[in-house]
Amino acid sequence: MKKHEFYLQRCIQLAKNATGNTYPNPLVGSVIVYQDQIIGEGWHQKAGEPHAEVNAVNSVKDKSLLKKATIYVSLEPCSHFGKTPPCSDLIIANKIKRVVIGTMDPFAKVQGRGIQKLISAGCDVVLGVLEEDCKELNKRFFTFHKHQRPYIILKWAQSKDGFIAPATQENREPVWITNSHSKQLVHKWRSEEQSILVGTQTAVKDNPKLNTRLWEGKSPVRVVLDRNLRIPQDSHLFDNTIKTIVITDLKTDIPPALKKENIYVEEVDFSLNLAKEVCKILYQHELQSVIIEGGKQTLQTFIDANLWDEARVFTGDCLFKNGIKAPSLVGEHPQKEKVNTDLLEIYKNKK
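Predicted model only: the values in this text are computed from it and were never measured. (Residues numbered from 1 in each chain as written. Predicted model: local features only at pLDDT ≥ 70, side-chain atom pairs only at ≥ 80, totals over all residues. Heavy atoms only, no water.)

Now for the side chain of Ser195. Looking at the secondary structure, you find Ser195 in strand E8 (residues 195-198). What makes Ser195 buried here is its relative accessible area of 0%. A polar atom in the side chain of Ser195 sits 2.7 Å from the backbone oxygen of Ser289. (Helix = DSSP H or I, 4+ residues; strand = E, 2+ residues; numbered from the N terminus. Buried < 20%, exposed > 50% of the residue type's maximum accessible area, 1.4 Å probe, protein only. Polar contact = N/O pair within 3.5 Å; in protein donor to acceptor, adjacent residues only side chain to side chain.)

Printed below as a string of structure tokens:
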């Protein structure tokens, strides 16, 4: 099994090359091995382009070795026709008899059908190697398909004395708590997720752009909670450069700034479980992940509803002495790392 784990780890490593680029598809890596030597490898790079298994098979120089080789893949080979043909058919057509799979695909059109097709064709299939690692690789994809909601990442920065904002703010500009290294890291995170959400107060006070200007990559869909449509119409959020979803409980008298092609107004009842209602809307928009970068009220709404998967908390090298207290997470043991002068703590929701 150790040998299988070594090659599956390589599959995971390859798959991560495409983080943020494969939505709505999962991250998948594949390795082909003959006599303990890797003779081919590949990963799924972008939705609509060849899958990992196709790229791995195409990279093998001597195709006659395939019928004697073992193919490793981090996620069950697909069995259906989408934008590309089924990878299980490709494996069978190339007479690859040994297939080692990290984990089953939760997508309704697959869910074991690829494995069954391989077994029916006489392939020797091993399932569940580094399964938890393979599920972690596609935590967004698994959460979306199993729980019908996006993978939720809470993110905030706080001062050394536990405040996320000072008591007063002079203009519509963010008050920076973290250093430039942490800011760039946050923009990298944005490029890896499908959406980013803030509340009304953050949008009004900070006038954020919520894009990836400090990192190369696609900007996430912007989502803003604006119950009474109070956000100024000249806000960066309404510049029409990025798809933006405005969640409100007023759908009449929509201002001109919200009638643009790239802006979607969604109505919910704010008196209900707001976090749950937001998740429904993001699921309908087929968004597999969201970073919540809102203020304390928005963040606490998701914490209190227990609708979050991880929290990324920066503590900057500054003191506010008073202001808005940071949200509270109870009973978690975070992973800690330094980002220059900042402390980054990453919490996982085990409930």
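Still more ground to cover, so stick around.
The final tally for this structure, using the stated rule, is five aromatic pairs. Ring centres of Phe144 and Tyr283 lie 4.6 Å apart, and the angle between their planes is 35°; this geometry places the pair in the tilted category. Placement of Phe144 in helix H6 (residues 139-147) and of Tyr283 in helix H9 (residues 274-284) is noted, with a sequence separation of 139 residues between them. In this structure Tyr283 comes out as partly exposed when scored by relative accessible area, which is 30%. Counting every residue linked through ring pairs, the aromatic cluster contains Phe6, Tyr7 and Tyr72. Over the face of the ring belonging to Tyr264 we find Lys243, whose NZ or CZ atom lies 4.9 Å from the ring centre. (Phe/Tyr/Trp six-rings, centres within 6.5 Å; stacked < 30°, edge-to-face > 60°. Lys NZ or Arg CZ within 6 Å of the ring centre and 35° of its normal.)

As a further point, take the layout of surface pockets. Estimates place the volume of the largest pocket at around 1200 Å³. Together, 49 residues line the largest pocket, and Thr202, Asp206, Glu293, Gly294 and Gly295 are the ones closest to its centre. At the level of secondary structure, the elements contributing two or more residues to the lining of the largest pocket comprise strand E6 (151-158), strand E7 (163-165), helix H7 (180-192), helix H8 (200-206) and helix H10 (296-304). Residues of the lining of the largest pocket, tallied by class, amount to 19 nonpolar, 16 polar and 14 charged. (1 Å grid on protein atoms, 1.4 Å probe; cavity = no way out; pocket = protein on both sides within 12 Å on 5 of 7 lines; lining within 4 Å. Points joined across faces, edges and corners; volume = space filled by probe spheres on them. Nonpolar A, V, L, I, M, F, W, Y, C, P; charged D, E, K, R; others polar.)

Within the largest apolar cluster, 31 residues are counted, with the highest numbers of intra-cluster contacts made by Ile152, Leu154, Trp156, Ile247, Val278, Ile292 and Phe302. Every element with two or more residues in this core is listed here: E6, strand E9 (221-225), strand E10 (244-248), H9, strand E12 (289-292), H10 and strand E13 (310-315). It is H9 that provides the largest number of residues to this core, a total of six residues. Excluding its chain neighbours within four sequence positions, the residues that come into contact with Ile152 are Cys279, Val290, Ile292, Phe302, Leu307, Trp308, Asp309 and Glu310. (Core = buried A, V, L, I, M, F, W, Y, C linked by side-chain atoms within 4.5 Å. Contact = heavy atoms within 4.5 Å.)

As recorded in UniProt, the feature "active site" (unreviewed entry) lies at Glu53. Positionally, Glu53 belongs in helix H2 (residues 52-59). Residue class for Glu53 comes out buried when judged on its relative accessible area of 3%. Not counting chain neighbours up to four residues away, the residues in contact with Glu53 comprise Ser30, Ile71, Val73, Leu75, Pro77, Cys87 and Leu90. (UniProt positions renumbered as here; feature names shortened; annotations may be inferred.)

Below, the discussion takes up the pairing of E12. Residues of E12 alternate between two faces, with Ser289 and Ile291 on one and Val290 and Ile292 on the opposite face, all of them buried. With four bridges joining them, E6 and E12 adopt parallel strand pairing. Each residue of the ladder has a partner; that of Leu154, found in E12, is Ile292. In this structure, E8 lies alongside E12, joined through three bridges in parallel fashion. The residue bridging Leu197 from the neighbouring strand is Ile292, located in E12. (Pairing = 2+ DSSP bridges.)

Right, let's talk about empty space enclosed by the protein for a bit. For the coordinates displayed, the defined rule picks out one cavity of 30 Å³ or more. In terms of lining residues, the largest cavity is bounded by 15 residues, among which Thr22, Tyr23, Leu27, Asn138 and Arg140 are the most central. Class assignment for the residues of the lining of the largest cavity results in five nonpolar, seven polar and three charged.

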